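Here are the chains, one letter per residue:
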Amino acid sequence: LKRVEVSDCRKIDGWKEEEIADLVERELCETGSVLVVVNTRNSARNLFQKMAERRLESVFHLSTNMCAAHRLDVLDSVKERIEKKQPVVCISTQLIEAGVDIDFGSVIRYLAGLDSIVQAAGRCNRHGKRERGNVWIVNPNQEKLDRLKDIEIGTHITERIFDEFLDNPWQFEN
């Protein structure tokens, strides 16, 4: 975690898609590459469409709905853009959290269990080429997790831990 700065950016009423898209654009300008990890295929599709409306040149979408060959093609395109230092945004479900060697300047992670947040953070400044990478934890106001009980439970536990940290950071050695 020394390679990244993790920021708890939860809002009381949650983040609107438009606000998340604004954050993506700001981070893209600052770091040149942004990964957004969401919890549902619906969220990935909706945010991808929102970003496409903004006419950014290099927004990619990864989902478990895609066949393996298509996912690999998308990942290869994203990696190529990162290597060439070309701007790139990748909006993905959790499939990118494990087993993918890729290095983004910023990661925006929809609230989930701490294990998922740590996995997503592992895609930020992975190779240590930057002083620090940015990891933003956001709570979207429209993501429905009622069918994904494990993620829903992990989200509630993470919220509790974040709240305890805010109330008493020295308990966690800051």
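For the structure itself, consult the block above.
These numbers come from a predicted model, not from an experiment.

Definitions and limits used
- Residues numbered from 1 in each chain as written.
- Predicted model: local features only at pLDDT ≥ 70, side-chain atom pairs only at ≥ 80, totals over all residues.
- Heavy atoms only, no water.
- Helix = DSSP H or I, 4+ residues; strand = E, 2+ residues; numbered from the N terminus.
- Rg over C-alpha atoms; globule rule 2.2 N^0.38 Å.
- Buried < 20%, exposed > 50% of the residue type's maximum accessible area, 1.4 Å probe, protein only.
- Contact = heavy atoms within 4.5 Å.
- Lys, Arg positive; Asp, Glu negative; His and termini not counted.
- Charge placed at Lys NZ, Arg CZ, Asp CG, Glu CD.
- Axes fitted to C-alpha atoms, helices over the stretch in contact; angles between N-to-C directions.
- Left-handed = near helix turned anticlockwise from the far one by under 90°.
- Nonpolar A, V, L, I, M, F, W, Y, C, P; charged D, E, K, R; others polar.
- Pairing = 2+ DSSP bridges.
- Right-handed = clockwise from strand over helix to strand, strands pointing away.

1. Some points on the overall build of the protein
And step 1. When its secondary structure is counted, the protein shows five helices and six strands.
And step 2. When the helices and strands of the protein are listed from N to C terminus, the series reads β-α-β-α-β-α-β-β-α-β-α.
And step 3. Here the C-alpha radius of gyration of the protein, 15 Å, is about what a compact globule of 174 residues would show, namely 16 Å.
And step 4. Along the first, second and third principal axes, the C-alpha set of the protein runs to 45 × 40 × 30 Å.
And step 5. Across the 174 residues in the protein, those meeting the buried criterion constitute 45%.
And step 6. Pairs at least 24 apart in sequence give 73% of the contacts found in the protein among residues at least 6 apart.
And step 7. For the protein, the separation between the mean place of its 26 positive charges and that of its 30 negative charges on side chains is 4 Å.

2. Digging into the packing of helix α1 (residues 17-31) against helix α2 (residues 41-53)
And step 1. Viewed as axis vectors pointing N to C, α1 and α2 meet at an angle of 60 degrees, and their least axial separation amounts to 10 Å. With respect to the hand of their crossing, α1 and α2 are arranged in right-handed fashion. Contacts between α1 and α2 involve Glu17, Glu18, Ile20, Ala21, Val24 and Glu25 on the former and, on the latter, Asn46, Leu47, Lys50 and Met51.
And step 2. Broken down by class, the residue content of the contact of α1 with α2 amounts to five nonpolar, one polar and four charged.

3. So, the sheet that holds strand β1 (residues 4-8)
And step 1. As summarised here, the arrangement of the six strands in space is β1-β6-β5-β2-β4-β3, forming an open sheet in which the pairing is parallel. Either end of the sheet is taken by a strand with one partner, and the two such strands are β1 and β3 (59-62). Mean inter-strand twist for the sheet, computed between neighbouring axes without regard to direction, equals 15 degrees.
And step 2. Here β3 runs beside strand β4 (residues 88-92); their pairing, made up of four bridges, is parallel. Paired with leucine 62 across the bridge in β4 is serine 92.
And step 3. Across the sheet, α2 lies against β2 (33-37), β3, β4 and β5 (106-110), angled at about 170 degrees from β3, the strand it touches most.

4. A look at the pairing of β3
And step 1. Along β3, one buried face is formed by Val59 and His61 and the opposite face, lined by Phe60 and Leu62, is buried too.
And step 2. In terms of handedness, the path from β3 via helix α3 (residues 68-83) over to β4 forms a crossover that is right-handed.

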